[in-house]
Amino acid sequence: MAIKEQLLQIKEEAKVAIENTSSMHELNDVKATFLGKKSAFNDIMKSMKDLSKEERPIVGKETNLAKRDIQLWIDEKRQTLHDLEVKKQIEEETVDVTMPGKVFHVGTTHLLTQITDEIEDVFIGMGYEVMEGPEIEIDEYNFEKLNLPKNHPARDMQDTFYIDDTLLLRTHTSPVQVRTMLDKGGKEPVKIICPGKVYRRDEDDATHSHQFMQIEGLVVDKDTTMADLKGTLLMIAREMFGQDRDIRLRPSYFPFTEPSVEVDVSCHNCNGKGCHICKHTGWIEVLGAGMVHNNVLEASGYDSSIYQGFAFGVGVERIAMLKYKINDIRQFYTNDIRFNRQFK
Ligand code: FA5
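Here's a quick rundown of the structure. Since the model is a prediction, treat every value here as computed from it, not as a measurement.

What counts and how
- Residues numbered from 1 in each chain as written.
- Predicted model: local features only at pLDDT ≥ 70, side-chain atom pairs only at ≥ 80, totals over all residues.
- Heavy atoms only, no water.
- Near = heavy atom within 4 Å.
- Polar contact = N/O pair within 3.5 Å; in protein donor to acceptor, adjacent residues only side chain to side chain.
- Areas by Shrake-Rupley, 256 points an atom, 1.4 Å probe, with all protein chains shown as cover.
- Helix = DSSP H or I, 4+ residues; strand = E, 2+ residues; numbered from the N terminus.
- Nonpolar A, V, L, I, M, F, W, Y, C, P; charged D, E, K, R; others polar.
- Pairing = 2+ DSSP bridges.
- Contact = heavy atoms within 4.5 Å.
- Axes fitted to C-alpha atoms, helices over the stretch in contact; angles between N-to-C directions.
- Core = buried A, V, L, I, M, F, W, Y, C linked by side-chain atoms within 4.5 Å.
- Buried < 20%, exposed > 50% of the residue type's maximum accessible area, 1.4 Å probe, protein only.

1. A word on the site of the ligand
Neighbouring the ligand are 23 residues, the closest being His172, Ser174, Arg200, Asp202 and Gln214. Separating a nitrogen atom of the ligand from a side-chain N or O atom of His172 is a distance of 2.9 Å. Taking Ser174, its side chain carries an N or O atom lying 3.0 Å from a nitrogen atom of the ligand. Computed on the free molecule, the ligand has an accessible area of 670 Å², of which 92% lies beneath the protein chains in the complex. If you list the elements that add at least two residues to the shell around the ligand, you get strand E5 (211-221), strand E8 (283-292) and strand E9 (308-315). Considering each element in turn, the shell around the ligand owes the most residues, four residues, to E9. Considering only residue class, the shell around the ligand consists of seven nonpolar, twelve polar and four charged.

And the structure:
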């Protein structure tokens, strides 16, 4: 075949191959085939030595023109492919402003945390310190120093998860009383509240949970009386349930307080007239309290002939249940979002 025809054929093949490419990668391969070191043009250049002197520059020129054309087509195709890629990218990244948006659910603090925060705020306003204690506690602080020696029958009031003979999951927040009094060394006045989780081997039902929250209060000073206790409890009852609430104290028994009382708040639902919430008594029991037992003061280093104290322990779930008419304590722990969302 004459060299001219050969060149025409190579150009024709290159044109078709370039048109058929659909990516930069393919185009680069085509370029290597037609313009690379092993291309058909190289064979032509090698055969130039067999040509006459006159033919050589003509064939050389024609070869260069053919190569230039192929290079031009490749450049054009490269531009086309680049434009296509940009267009595709723009289409893919376009934001459709008419599409419905994603809903982001904003969380909220758990109702028990909200109630705890509210109660803390009231007491901080009265100059109380907020203390914390460990949930894994020693028997000595949970019971013994609270006037509940080993085998004391009143230990049955709080069925306990024991870890071993000396360690247990605290059954109430009262051991923080002991920890605080020991820390103060029997000398300084004490004015604390302590919120926290506690544990009991109670069967779970609508009003009992094996894990629940308490808030402990303790005041120890030289002139502390039952009247201070009553005033404090009246204030917290009004903060929690409304300013027209009243309280009443009923005699009760706790080994760590003497005298001990159960505290009732006049029913916020019926205003004390009697309804299903207060079981038609007009009163709702909310917490236990009393004057700190002398044995408890002495066991933690306070001279009971100089210091007196009052203490109380509130069940946070029970307060929340009364305030928001929640009829099952298990609702607090099942993490049903429909329940939690109601208390934003
Ligand atoms: C005590 O735990 C005493 N430490 C409270 C106290 C402190 C009295 C200081 C005197 C001085 P009690 O066992 O009654 O007391 O529990 C206090 C509150 O915890 C109860 O009024 C109730 O609201 C709540 N409570 C008790 N058991 C459970 C339970 N299984 N589930 C949910 N709440 C409970």
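2. Thoughts on the sheet that holds E9
Taken in spatial order, the seven strands line up as E1-E4-E5-E9-E8-E7-E6 in an open sheet, and their pairing is mixed. Two strands in the sheet have a free side with no partner beyond their single neighbour: strand E1 (129-130) and strand E6 (247-254). Sheet strands touched by helix H7 (residues 175-184): E1, strand E4 (190-199), E5 and E9. Its angle to E4, the strand with the most contacts, is close to 145 degrees.

3. Regarding the nonpolar core
Ranked by internal contacts, the top residues of the largest apolar core, which has 43 residues, are Ile115, Leu233, Val286, Leu287, Ala289, Phe312 and Phe332. Of all elements in the fold, only helix H5 (111-125), E5, helix H8 (226-241), strand E7 (257-266), E8, E9 and helix H10 (316-324) reach the threshold of two or more residues within this core. Excluding anything up to four places from it in sequence, Phe312 contacts Phe123, Ile215, Glu216, Gly217, Leu229, Thr232, Leu233, Leu287, Gly288 and Ala289.

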